[in-house]
Amino acid sequence: MSETSGEHIHITLIRLALDEARKCEPTPTAFCVGCVLVLPSDSGPGVILARGFSRELPGNTHAEANALTKAHQLSQSQLHDLLPSVPAQMHIDVDDILTRADIYTTMEPCSVRTSGLAPCADAIIAAKLRRCYIGVGEPDDFVNCEGARKLVDAGIEVHWIKGLEEDCLRQARRGHDRSQVEFHMIDLLYNLLTILFNRQTNRS
Ligand SMILES: [Zn+2]
(Lines give C-alpha, C1' and ligand atoms only; values in the text may rest on other atoms or scores of the structure.)
Protein backbone atom coordinates (compact mmCIF):
# COMPACT_ATOMS: atom_id res chain seq x y z
CA MET A 1 0.00 0.00 0.00
CA SER A 2 1.52 3.33 -0.99
CA GLU A 3 1.84 6.16 1.48
CA THR A 4 -0.66 8.20 -0.52
CA SER A 5 -3.37 5.55 -0.45
CA GLY A 6 -2.58 5.03 3.26
CA GLU A 7 -3.14 8.74 3.90
CA HIS A 8 -6.33 8.57 1.88
CA ILE A 9 -7.64 5.70 4.03
CA HIS A 10 -6.95 7.65 7.24
CA ILE A 11 -8.83 10.69 5.92
CA THR A 12 -11.74 8.46 4.80
CA LEU A 13 -11.94 6.86 8.24
CA ILE A 14 -11.85 10.20 10.08
CA ARG A 15 -14.65 11.34 7.76
CA LEU A 16 -16.65 8.27 8.83
CA ALA A 17 -15.97 9.26 12.43
CA LEU A 18 -17.26 12.76 11.56
CA ASP A 19 -20.46 11.13 10.26
CA GLU A 20 -20.85 9.59 13.72
CA ALA A 21 -20.19 12.96 15.41
CA ARG A 22 -23.07 14.43 13.38
CA LYS A 23 -25.44 11.96 15.09
CA CYS A 24 -24.72 13.44 18.54
CA GLU A 25 -27.46 15.27 20.38
CA PRO A 26 -25.80 18.67 20.97
CA THR A 27 -25.37 19.87 24.54
CA PRO A 28 -23.77 23.06 25.84
CA THR A 29 -21.77 21.18 28.48
CA ALA A 30 -20.00 18.50 26.39
CA PHE A 31 -18.46 17.88 22.98
CA CYS A 32 -19.99 16.04 20.01
CA VAL A 33 -17.42 13.40 19.09
CA GLY A 34 -17.57 10.44 16.73
CA CYS A 35 -15.27 7.47 16.23
CA VAL A 36 -14.76 4.22 14.36
CA LEU A 37 -12.89 1.13 15.52
CA VAL A 38 -11.08 -0.50 12.64
CA LEU A 39 -9.17 -3.72 12.16
CA PRO A 40 -6.61 -2.56 9.58
CA SER A 41 -5.66 -4.58 6.52
CA ASP A 42 -2.58 -4.39 4.30
CA SER A 43 -4.68 -4.82 1.19
CA GLY A 44 -7.50 -2.33 1.74
CA PRO A 45 -9.41 -0.07 4.09
CA GLY A 46 -9.76 -2.71 6.82
CA VAL A 47 -12.85 -3.86 8.69
CA ILE A 48 -15.00 -1.53 10.77
CA LEU A 49 -15.66 -3.37 14.02
CA ALA A 50 -17.81 -0.70 15.68
CA ARG A 51 -18.75 2.95 15.55
CA GLY A 52 -19.65 5.27 18.37
CA PHE A 53 -20.67 8.80 19.22
CA SER A 54 -21.09 10.95 22.31
CA ARG A 55 -24.14 10.11 24.46
CA GLU A 56 -25.13 7.29 22.07
CA LEU A 57 -25.41 4.77 24.89
CA PRO A 58 -27.39 5.58 28.06
CA GLY A 59 -25.68 7.83 30.57
CA ASN A 60 -23.28 10.65 29.84
CA THR A 61 -21.23 8.35 27.59
CA HIS A 62 -18.38 9.18 25.23
CA ALA A 63 -17.75 8.10 21.61
CA GLU A 64 -14.62 5.99 22.13
CA ALA A 65 -15.97 4.18 25.20
CA ASN A 66 -19.23 3.53 23.31
CA ALA A 67 -17.46 2.03 20.28
CA LEU A 68 -15.47 -0.25 22.61
CA THR A 69 -18.64 -1.28 24.48
CA LYS A 70 -20.36 -2.03 21.15
CA ALA A 71 -17.38 -4.07 19.95
CA HIS A 72 -17.56 -6.14 23.15
CA GLN A 73 -21.27 -6.73 22.54
CA LEU A 74 -20.69 -8.29 19.09
CA SER A 75 -21.93 -11.86 18.90
CA GLN A 76 -19.86 -14.68 17.41
CA SER A 77 -22.01 -14.65 14.28
CA GLN A 78 -21.57 -10.88 13.89
CA LEU A 79 -17.81 -11.26 14.35
CA HIS A 80 -17.72 -14.05 11.75
CA ASP A 81 -19.68 -11.85 9.32
CA LEU A 82 -17.09 -9.10 9.83
CA LEU A 83 -14.15 -11.50 9.52
CA PRO A 84 -15.17 -14.05 6.87
CA SER A 85 -11.63 -15.39 6.51
CA VAL A 86 -11.83 -16.94 10.00
CA PRO A 87 -13.09 -20.56 9.81
CA ALA A 88 -16.74 -20.78 10.93
CA GLN A 89 -16.07 -23.24 13.75
CA MET A 90 -13.33 -21.08 15.27
CA HIS A 91 -14.12 -18.90 18.30
CA ILE A 92 -13.26 -15.23 17.73
CA ASP A 93 -11.89 -13.50 20.83
CA VAL A 94 -12.86 -9.85 20.54
CA ASP A 95 -10.25 -8.83 23.15
CA ASP A 96 -7.59 -10.36 20.94
CA ILE A 97 -8.98 -8.62 17.83
CA LEU A 98 -8.94 -5.28 19.65
CA THR A 99 -5.21 -5.53 20.36
CA ARG A 100 -4.73 -5.35 16.58
CA ALA A 101 -7.33 -2.63 16.04
CA ASP A 102 -7.02 1.12 15.47
CA ILE A 103 -9.40 3.82 16.65
CA TYR A 104 -10.21 6.90 14.59
CA THR A 105 -11.73 9.67 16.66
CA THR A 106 -12.72 13.21 15.69
CA MET A 107 -11.27 14.55 18.94
CA GLU A 108 -8.43 13.62 21.27
CA PRO A 109 -9.67 10.97 23.73
CA CYS A 110 -10.42 12.48 27.14
CA SER A 111 -8.04 11.98 30.06
CA VAL A 112 -10.22 13.44 32.80
CA ARG A 113 -13.96 13.15 33.36
CA THR A 114 -15.59 15.59 35.72
CA SER A 115 -18.57 13.18 35.89
CA GLY A 116 -16.37 10.60 37.59
CA LEU A 117 -16.79 8.11 34.71
CA ALA A 118 -13.65 6.41 33.38
CA PRO A 119 -11.88 8.55 30.75
CA CYS A 120 -11.73 7.24 27.16
CA ALA A 121 -7.91 7.23 27.17
CA ASP A 122 -8.07 4.69 30.02
CA ALA A 123 -10.60 2.56 28.10
CA ILE A 124 -8.36 2.59 24.99
CA ILE A 125 -5.34 1.63 27.10
CA ALA A 126 -7.29 -1.16 28.84
CA ALA A 127 -8.38 -2.54 25.44
CA LYS A 128 -4.71 -2.40 24.30
CA LEU A 129 -5.67 -0.86 20.95
CA ARG A 130 -2.75 -0.53 18.56
CA ARG A 131 -3.05 2.99 17.19
CA CYS A 132 -5.16 6.08 17.77
CA TYR A 133 -5.83 8.50 14.91
CA ILE A 134 -7.10 11.90 16.02
CA GLY A 135 -8.91 14.60 14.02
CA VAL A 136 -8.24 17.48 16.41
CA GLY A 137 -6.83 18.06 19.90
CA GLU A 138 -9.34 18.68 22.67
CA PRO A 139 -9.57 22.43 23.32
CA ASP A 140 -9.50 23.36 27.01
CA ASP A 141 -13.16 24.49 27.01
CA PHE A 142 -13.93 22.23 29.97
CA VAL A 143 -10.76 20.55 31.23
CA ASN A 144 -7.09 20.33 30.28
CA CYS A 145 -6.88 17.17 28.16
CA GLU A 146 -3.82 14.97 28.30
CA GLY A 147 -5.36 12.01 26.47
CA ALA A 148 -2.81 11.80 23.65
CA ARG A 149 0.13 11.96 26.06
CA LYS A 150 -1.47 9.31 28.26
CA LEU A 151 -1.86 6.97 25.25
CA VAL A 152 1.74 7.51 24.12
CA ASP A 153 2.97 6.84 27.67
CA ALA A 154 1.04 3.56 27.59
CA GLY A 155 2.73 2.52 24.33
CA ILE A 156 -0.17 3.27 21.96
CA GLU A 157 0.78 4.97 18.70
CA VAL A 158 -0.90 8.34 18.30
CA HIS A 159 -1.31 9.95 14.87
CA TRP A 160 -2.73 13.40 14.26
CA ILE A 161 -4.71 13.59 11.01
CA LYS A 162 -4.08 16.81 9.12
CA GLY A 163 -6.72 18.77 7.26
CA LEU A 164 -10.00 18.09 9.03
CA GLU A 165 -9.30 19.93 12.29
CA GLU A 166 -11.86 22.67 11.65
CA ASP A 167 -14.60 20.20 10.68
CA CYS A 168 -13.90 18.12 13.77
CA LEU A 169 -13.94 21.18 16.03
CA ARG A 170 -17.10 22.57 14.48
CA GLN A 171 -18.90 19.27 15.09
CA ALA A 172 -17.48 19.02 18.61
CA ARG A 173 -18.72 22.43 19.67
CA ARG A 174 -22.18 22.07 18.17
CA GLY A 175 -24.77 23.55 20.52
CA HIS A 176 -22.22 25.26 22.75
CA ASP A 177 -23.34 28.82 22.48
CA ARG A 178 -25.39 31.12 20.36
CA SER A 179 -22.56 33.47 19.55
CA GLN A 180 -20.80 30.64 17.77
CA VAL A 181 -23.90 29.85 15.71
CA GLU A 182 -24.12 33.54 14.88
CA PHE A 183 -20.43 33.58 13.94
CA HIS A 184 -20.99 30.72 11.48
CA MET A 185 -24.05 32.43 10.01
CA ILE A 186 -22.01 35.60 9.44
CA ASP A 187 -19.21 33.49 7.96
CA LEU A 188 -21.72 31.80 5.63
CA LEU A 189 -23.23 35.12 4.62
CA TYR A 190 -19.78 36.58 3.96
CA ASN A 191 -18.87 33.62 1.72
CA LEU A 192 -22.16 33.94 -0.14
CA LEU A 193 -21.65 37.67 -0.68
CA THR A 194 -18.09 37.02 -1.89
CA ILE A 195 -19.38 34.49 -4.45
CA LEU A 196 -22.09 36.92 -5.64
CA PHE A 197 -19.60 39.79 -5.81
CA ASN A 198 -17.10 37.69 -7.80
CA ARG A 199 -19.84 36.63 -10.23
CA GLN A 200 -20.85 40.25 -10.71
CA THR A 201 -17.22 41.30 -11.25
CA ASN A 202 -16.66 38.51 -13.78
CA ARG A 203 -19.73 39.58 -15.74
CA SER A 204 -18.73 43.23 -15.97
ZN1 LIG B 1 -14.05 10.50 26.46
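Computed from a predicted structure; not experimentally measured. (Residues numbered from 1 in each chain as written. Predicted model: local features only at pLDDT ≥ 70, side-chain atom pairs only at ≥ 80, totals over all residues.)

Caption draft 1: Main features of unusual backbone geometry. Unusually for a residue other than glycine, Arg-55 sits at a positive phi of about 65 degrees. With respect to the helices and strands, Arg-55 occurs in the loop between β2 (44–53) and α2 (63–72). Backbone geometry at Lys-128 places phi at a positive 55 degrees, although glycine is not the residue there. Inspection of the secondary structure puts Lys-128 in the loop between α5 (120–127) and β4 (131–136). Accessibility expressed as a C-beta count within 10 Å gives 15 for Lys-128, which makes it partly exposed. (Helix = DSSP H or I, 4+ residues; strand = E, 2+ residues; numbered from the N terminus. Buried ≥ 20, exposed ≤ 12 C-beta atoms within 10 Å, placed from the backbone.)

Caption draft 2: View of the sheet that holds strand β3 (residues 102–107). What the five strands build is an open sheet, ordered β2-β1-β3-β4-β5; its pairing is mixed. Among the strands making up the open sheet, the edge pair consists of β2 and β5 (157–160). For this sheet, the mean inter-axis angle between neighbouring strands, taken without regard to orientation, is 25 degrees. Across five bridges, β3 lies against β4 in parallel orientation. Looking across to β4, one finds that Ile-103 is bridged to Cys-132. Each of β1 (34–41), β2 and β3 touches α2; the most contacted strand, β2, lies at about 110 degrees to it. (Pairing = 2+ DSSP bridges. Axes fitted to C-alpha atoms, helices over the stretch in contact; angles between N-to-C directions. Contact = placed C-beta atoms within 7 Å.)

Caption draft 3: Summary view of α2. Counting buried residues along α2, seven of its ten residues qualify, which places the element largely inside the surrounding structure. Among all positions of α2, only Ala-63, Glu-64, Ala-65, Asn-66, Ala-67, Leu-68 and Ala-71 are buried.

Caption draft 4: Spotlight on the environment of Leu-117. Within the secondary structure layout, Leu-117 lies in the loop between β3 and α5. You can call Leu-117 partly exposed: it has 15 C-beta atoms within 10 Å. Residues Leu-117 and Leu-151 lie 34 residues apart in sequence; the distance between their C-alpha atoms is 18 Å.

Caption draft 5: Spatial organisation of the pairing of β3. For β3, a buried count of six out of six residues is recorded, marking the element as mostly surrounded by other parts of the structure. Pairing geometry for β1 and β3, over four bridges, is antiparallel. For Cys-35, the partnering residue across the bridge sits in β3 and is Thr-105.

Caption draft 6: Here's a closer look at the packing of α2 against α5. One can describe the packing of α2 onto α5 by two numbers: an axis separation of 8 Å at closest approach and a directional angle of 35 degrees. Like other packed secondary-structure pairs, α2 and α5 cross with a definite hand, here left-handed. Of the residues in α5, those in contact with Glu-64, Ala-65 and Leu-68 of α2 are Cys-120, Ala-123, Ile-124 and Ala-127. Looking at side-chain class alone, the contact of α2 with α5 contains six nonpolar, no polar and one charged residues. (Left-handed = near helix turned anticlockwise from the far one by under 90°. Nonpolar A, V, L, I, M, F, W, Y, C, P; charged D, E, K, R; others polar.)

Take it as geometry only, folks, not as evidence of what the structure does.
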